[in-house]
Amino acid sequence: MSANLKVLFPAEQIASRVAELGIQLRADHPGETITLIAVLKGSVLFLADLARAVPGDVRLEFLGVASYHGGTSSSGAVQITQDLRASIEGQACVIVEDIVDTGLTMDYLLRTLAVRGPRSLKVACLLDKPGNRETDVQVDYVGFTIPDEFVVGYGLDLGELYRNLPFVAVYQP
Ligand code: IMP
């Protein structure tokens, strides 16, 4: 861990924001079983905490997506590497993502999942980088809005490293 990492959001700040998001998700889906669809791999830490912050029933589903290939800029190409195991027809779904950057991944996922007939389909991301947007994708729940910098930690990686950091940091090569 010799790279320069500048802590942006310490673990405590993430925990309190995720707790708020969980309450908000439940308030927007009263009495419903919420299907949280985690986008692998970056969102797994966020998912684990968010799922525990939502009171009441949730289901967990996982979707494997490749959009970045180990670098710090988007390739723009999106590929599903692991599809959902179950139908989401008629379910209240929330896509759980680590970060929305260009928005190309989320735009693709929304279009792909919408045709499967969910009752509702929303988006929760830990981090939003609106400065780099290439589509006008709607993000319903945002943990933190950040400037256009490359961040790692709390699930976010650079070449598969740094996902296990309990905080989010700006990566300075
Ligand atoms: P988008 O399609 O450009 O919105 O990119 C979405 C994906 O790119 C995210 O799910 C991340 O995996 C990756 N990504 C975008 N920005 C960052 C970053 O700052 N750090 C780590 N991964 C990022």
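Quick look at the structure, then. Numbering of residues starts from 1 in every chain and runs along the sequence as written. Side-chain atom pairs in this predicted model are given and counted only at pLDDT of 80 or more, local residue features only at pLDDT of at least 70, and totals for whole chains, interfaces and linings cover all residues. Hydrogens and waters are ignored; side-chain quantities use all the structure's heavy atoms.

1. Looking at a nonpolar patch on the surface
In plain terms, the rule: Here a patch means residues that are over 30% exposed by relative accessible area and free of salt bridges, tied together within 9 Å if like-charged and within 5 Å if nonpolar (Val, Leu, Ile, Met, Phe, Trp, Tyr). Surface accessibility in these figures is a Shrake-Rupley result with a 1.4 Å probe; residues are shielded only by whichever protein chains are displayed. By definition, a salt bridge exists where a carboxyl oxygen of Asp or Glu is found within 4 Å of a side-chain nitrogen of Lys or Arg. Every helix listed is a DSSP run of H or I at least four residues long, and every strand listed is a run of E at least two residues long, numbered separately from the N terminus.
Judged by side-chain polarity, Val44, Leu60 and Phe62 come together as a nonpolar surface patch covering roughly 210 Å² of accessible area. Relative to the helices and strands, Phe62 is located in strand 3 (residues 58-66).

2. Section: the packing of helix 1 (residues 11-28) against helix 2 (residues 44-53)
Each pair of packed helices can be described by the angle between their axes along with the distance between the axes. The line we're drawing: Helix axes are fitted to C-alpha atoms over the stretch in contact, other axes to C-alpha atoms as well, and angles between N-to-C directions run from 0 to 180 degrees. Any angle from 65 to 115 degrees is called roughly perpendicular, while one under 35 is roughly parallel, one over 145 is roughly antiparallel, and all others are oblique. In this scheme, a crossing is called left-handed if the near helix is turned counterclockwise away from the far one by less than a right angle; it is called right-handed if the turn is clockwise. Whether two residues are in contact is decided by their heavy atoms, any of which lying within 4.5 Å being enough. Each residue is assigned to one of three groups, with Ala, Val, Leu, Ile, Met, Phe, Trp, Tyr, Cys and Pro labelled nonpolar, Asp, Glu, Lys and Arg labelled charged, and all others, Gly among them, labelled polar.
Two elements in contact, helix 1 and helix 2, have axes whose closest approach is 8 Å; the angle formed by their N-to-C orientations is 55 degrees. Taken together, the axis directions place helix 1 and helix 2 in an arrangement best described as oblique. The handedness of the crossing between helix 1 and helix 2 is right-handed. Two secondary-structure elements touch here, helix 1 through Val18, Ala19, Leu21, Gly22, Ile23 and Leu25 and helix 2 through Phe46, Asp49, Leu50 and Ala53. Residue composition of the contact of helix 1 with helix 2, by class: 8 nonpolar, 1 polar and 1 charged.

3. Re the pattern of salt bridges
The full count for this structure, using the stated rule, is 10 salt bridges. The salt bridge partner of Arg133 is Asp128, with a shortest N-O separation of 2.7 Å.

4. Overview of the site of the ligand
Defined as follows: One heavy atom within 4 Å of a molecule or strand makes the whole residue count as near it. Between N or O atoms, a polar contact is any pair within 3.5 Å; within protein, one atom must be a potential hydrogen donor and the other a potential acceptor, and residues adjacent in sequence are included only when both atoms are from side chains.
Around the ligand sit 18 residues in total, of which Asp98, Asp101, Thr102, Thr105 and Val151 are the nearest. Asp101 is positioned such that a nitrogen or oxygen atom in its backbone is 2.8 Å from an oxygen atom of the ligand. Between the ligand and Thr102 there is a distance of 2.4 Å, counted from an oxygen atom to a side-chain nitrogen or oxygen. Protein burial of the ligand: of its 490 Å² of free accessible surface, 93% is covered by the chains. Among the elements of the structure, strand 5 (92-100) and helix 3 (104-114) are those that each provide at least two residues to the shell around the ligand. Of the residues forming the shell around the ligand, the biggest block, 4 residues, is contributed by strand 5. Per-class residue counts for the shell around the ligand are 7 nonpolar, 5 polar and 6 charged.

5. Topic: the sheet that holds strand 9 (residues 168-172)
Formally: Pairing between strands requires that DSSP locate at least two bridges from one strand to the other.
Ordered by their spatial adjacency, 3 strands build an open sheet running 1-9-8, and the pairing between neighbours is antiparallel. With partners counted over all chains shown, the strands left at the sheet margins are strand 1 (4-9) and strand 8 (151-152), one partner each. Taken together, the 2 bridges between strand 8 and strand 9 define a ladder with antiparallel strand orientation. Among the inter-strand pairings, Val151 is bridged to a residue of strand 9, identified as Val170.

6. Things to note about the sheet that holds strand 4 (residues 79-82)
Ordered by their spatial adjacency, 6 strands build an open sheet running 4-3-2-5-6-7, and the pairing between neighbours is mixed. Looking at which strands have only one partner, the edges of the open sheet turn out to be strand 4 and strand 7 (141-145). On average, each strand axis in the sheet is tilted by 30 degrees relative to the strand beside it, whichever way the strands run. Taken together, the 7 bridges between strand 2 (residues 34-40) and strand 3 define a ladder with parallel strand orientation. Bridging from a neighbouring strand, Val39 pairs with Leu63 of strand 3. Contacts from helix 3 reach strand 2, strand 3, strand 4, strand 5 and strand 6 (120-128) within the one sheet, and its direction differs from that of strand 5 by about 165 degrees.

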